[in-house]
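What follows is the residue order along each chain.
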Amino acid sequence: ERLPALLAAMPKAELHIHIEGSLEPEMIFQLANRNGVELAYESVEALRRAYAFTDLQSFLDIYYAGASVLLHEQDFYDMAWAYLERAARDHVVHAEIFFDPQTHTARGVGMEAVIRGLHRASQDARERLGISSALILCFLRHLSEEEAFATLEEAMPFRGQFIGVGLDSSELGHPPEKFARVFARCRELGLRLVAHAGEEGPPAYIWSALDVLKVERIDHGVQAVHDAALMRRLAEDRIALTVCPLSNLKLRVFPELAQHNLKALLDAGLVATVNSDDPAYFGGYMNDNLVQTFAALPQLDARDAWQLAHNSFEASFVAPDVRRAWQ
Ligand code: ADE
Ligand code: ZN
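Worth saying up front: this structure is predicted, and the values here are computed from it rather than measured.

Rules of the game
Residues numbered from 1 in each chain as written. Chains lettered and ligands numbered in written order. Predicted model: local features only at pLDDT ≥ 70, side-chain atom pairs only at ≥ 80, totals over all residues. Helix = DSSP H or I, 4+ residues; strand = E, 2+ residues; numbered from the N terminus. Rg over C-alpha atoms; globule rule 2.2 N^0.38 Å. Buried ≥ 20, exposed ≤ 12 C-beta atoms within 10 Å, placed from the backbone. Contact = placed C-beta atoms within 7 Å. Pairing = 2+ DSSP bridges. Right-handed = clockwise from strand over helix to strand, strands pointing away. Near = placed C-beta within 6 Å. Nonpolar A, V, L, I, M, F, W, Y, C, P; charged D, E, K, R; others polar. Core = buried A, V, L, I, M, F, W, Y, C linked by C-beta atoms within 7 Å. UniProt positions renumbered as here; feature names shortened; annotations may be inferred. Axes fitted to C-alpha atoms, helices over the stretch in contact; angles between N-to-C directions. Left-handed = near helix turned anticlockwise from the far one by under 90°. Parallel < 35°, antiparallel > 145°, perpendicular 65-115°, else oblique. pLDDT = per-residue confidence, 0-100.

For the rest of this paragraph, the subject is the overall build of the chain. Helix and strand counts for the chain come out as 17 helices and 8 strands. Over its C-alpha atoms the chain spans a radius of gyration of 18 Å, differing by no more than 12% from the 20 Å that the globule rule assigns to 327 residues. Along the longest, intermediate and shortest principal axes, the C-alpha atoms of the chain span 50 × 45 × 40 Å. Out of the 327 residues in the chain, the part that is buried amounts to 47%. Sequence-distant contacts in the chain: of pairs separated by 6 or more residues, those separated by 24 or more amount to 76%.

On strand β7 (residues 240-243), burial covers both faces: Ala 240 and Thr 242 on one face and Leu 241 and Val 243 on the other are all buried. Bridge analysis of strand β6 (residues 217-220) against β7 gives 3 bridges, and the strand direction is parallel. By the bridge assignment, Ile 218 is partnered in β7 with Leu 241. Regarding the hand of the β-α-β motif, the stretch spanning β6, helix α11 (residues 228-236) and β7 is right-handed. For β7 and strand β8 (residues 272-274), the ladder comprises 3 bridges, and the chain directions are parallel. Its bridge partner lying in β8, Leu 241 is registered against Ala 272.

What follows deals with the site of ligand 1. The local shell around ligand 1 consists of His 18, Gly 21, Leu 56, Tyr 63, Asp 168, Ser 169, His 196, Glu 199, Ser 247, Asp 277 and Asp 278. When grouped by side-chain class, the residues that make up the shell around ligand 1 number 2 nonpolar, 5 polar and 4 charged.

Next up on the list: the nonpolar core. Ile 19, Ala 80, Leu 84, Phe 99, Leu 118, Ile 136 and Ala 209 are the most contacted members of the largest nonpolar core, which has 91 residues in total. The leading source of residues in this core is helix α5 (residues 73-89), at 7 residues. Apart from the residues lying within four places of it in its own chain, the contact partners of Ile 136 are Glu 96, Ile 97, Phe 98, Phe 162, Ile 163, Gly 164, Val 165, Gly 166 and Val 194.

Taken from the UniProt record, the annotation "active site" (unreviewed entry) applies to Glu 199. Residue Glu 199 is classed as buried on the basis of its 24 C-beta neighbours within 10 Å. When sequence neighbours within four positions are dropped, the list of residues in contact with Glu 199 reads Leu 56, Glu 171, His 220 and Val 253.

Further remarks concern the packing of α5 against helix α7 (residues 111-129). One can describe the packing of α5 onto α7 by two numbers: an axis separation of 7 Å at closest approach and a directional angle of 35°. Two packed elements cross with a definite hand, and for α5 against α7 that hand is right-handed. Residues Glu 73, Gln 74, Asp 75, Phe 76, Tyr 77, Ala 80, Trp 81, Leu 84, Glu 85 and Ala 88 of α5 form the contact with α7, whose participating residues are Ala 113, Val 114, Arg 116, Gly 117, Leu 118, Arg 120, Ala 121, Ser 122, Asp 124, Ala 125 and Leu 129. Looking at the contact of α5 with α7 residue by residue, the class counts come to 12 nonpolar, 3 polar and 6 charged.

Right, let's talk about the packing of helix α8 (residues 145-155) against helix α9 (residues 180-188) for a bit. A pair of packed helices is captured by two measures, namely the crossing angle of their axes and the spacing between those axes. Remark: α8 packs on α9, axes separated minimally by 8 Å, with the N-to-C direction vectors making an angle of 25°. Taken together, the axis directions place α8 and α9 in an arrangement best described as roughly parallel. Across from Glu 145, Ala 148, Phe 149 and Leu 152 in α8, the residues of α9 making contact are Arg 181, Val 182, Arg 185 and Cys 186. Tallied by class, the residues present in the contact of α8 with α9 amount to 5 nonpolar, no polar and 3 charged.

Considering the arrangement of structural elements, one finds Leu 56 in helix α4 (residues 56-66). In this structure, the C-alpha to C-alpha distance between Leu 56 and Gln 123, residues 67 residues apart in sequence, is 32 Å. Beyond its immediate stretch of four places on either side in the chain, Leu 56 contacts Ser 170, Glu 171, Glu 199, Glu 200 and Leu 251.

What follows deals with the sheet that holds β6. The parallel open sheet is built from 8 strands, whose spatial order is β1-β2-β3-β4-β5-β6-β7-β8. Each edge of the open sheet is held by one strand with a lone partner, namely β1 (12-18) and β8. For this sheet, the mean inter-axis angle between neighbouring strands, taken without regard to orientation, is 25°. Bridge count between strand β5 (residues 192-197) and β6: 4 bridges; the pairing is parallel. Paired with Val 194 across the strands is Arg 217, a residue of β6. Docked against the sheet, α7 engages β2 (92-99) and β3 (132-140), running at close to 160° with respect to β3.

As a further point, take the confidence of the model for the chain. In the predicted model, the chain carries a mean pLDDT of 97, and 99% of its residues have values of at least 70. Model confidence for the complex: the whole-complex pTM is 0.98, and ipTM, which rates the interface, is 0.98.

One can expect most non-glycine residues to show negative phi and most peptide bonds to be in trans. For Arg 238, which is not a glycine, the phi torsion comes out positive at approximately 50°. Secondary-structure assignment places Arg 238 in the loop between α11 and β7. The exposure class assigned to Arg 238 is partly exposed, which follows from the 13 C-beta atoms found within 10 Å.

Attention shifts here to the UniProt feature "binding site: Zn(2+)" (unreviewed entry) in the chain. Here, UniProt's "binding site: Zn(2+)" (unreviewed entry) annotation points to His 16, His 18, His 196 and Asp 277. A compact arrangement is adopted by the annotated residues: their sequence extent is 262 residues, whereas the largest C-alpha distance between any two is 11.7 Å. By the secondary structure assignment, His 18 is in strand β1. Judged by local crowding, His 18 falls into the buried class, with 29 C-beta atoms found within 10 Å. Contacts of His 18, omitting those with residues within four sequence positions, involve Phe 98, Asp 100, Asp 168, Asp 277 and Asp 278.

As structure tokens, then:
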């Protein structure tokens, strides 16, 4: 079988990775020791055993606890550098990286430590690993729109160091329209716009992400298959979905990888992409997602592999002239 080799070797972009979700248990303990932070788990193994999720919220609780070891600029640098080094080995040539500043500023960490650390790793990785990357600031949707505005304000001195904004955290009960005003402001500021929608939430959340927030990509979006008109809209407007198969499996969006709808999304002509979401928590980086999904869905073939790589560049926020060289 030659497909795993093709999947691994093909150049690709990663468009849905939460940098805090790349924090491996070993690094959580290393940073906890370095920073004198007390953890609720006594060992790396005990922490890893706690990674048994039943839904999105059960994951988020442990993901925010893991992020509590990040205090200083160097911590953010080390986390991002480790991810970029790992992604480069998977032949990811470009990554658009989410970060959750509110998780950190709420603990008294300065916005400058977060953004400077991540940005410095991104610059070093371009130089030393040949991987390009950009940052996307995510608002936590379980918090208020007022808090999102305050976070945007705090980040504005670093406007040159992130390309866009996203919306993540607990989806159900926090529809996109809750953030209509702050996304409108971000749009005026020339920021690129994305949002998580249709991971656990209904197709209506995808519609409002498009029509109210005016996002350019949908993160996850797998629930779109339940709405034929929405599927046509996504295909016609070439709105990309950043699909994360191992995440969907671990958070029980699909009971088995074999039931994942990636093939249906591609066959409907959607600009679907494959991504890792929170690789340290879901048991796989980019190529693990591709290889395991292709193994579970035998209908996926070499053309789909090529299409996924092509889609990842088309859906990226890289300037068209640059990305055409990759496509
Ligand atoms: N934050 C980190 N990973 C997430 C996911 N899969 N959905 C929503 N928020 C997240
Ligand atoms: Zn995500």
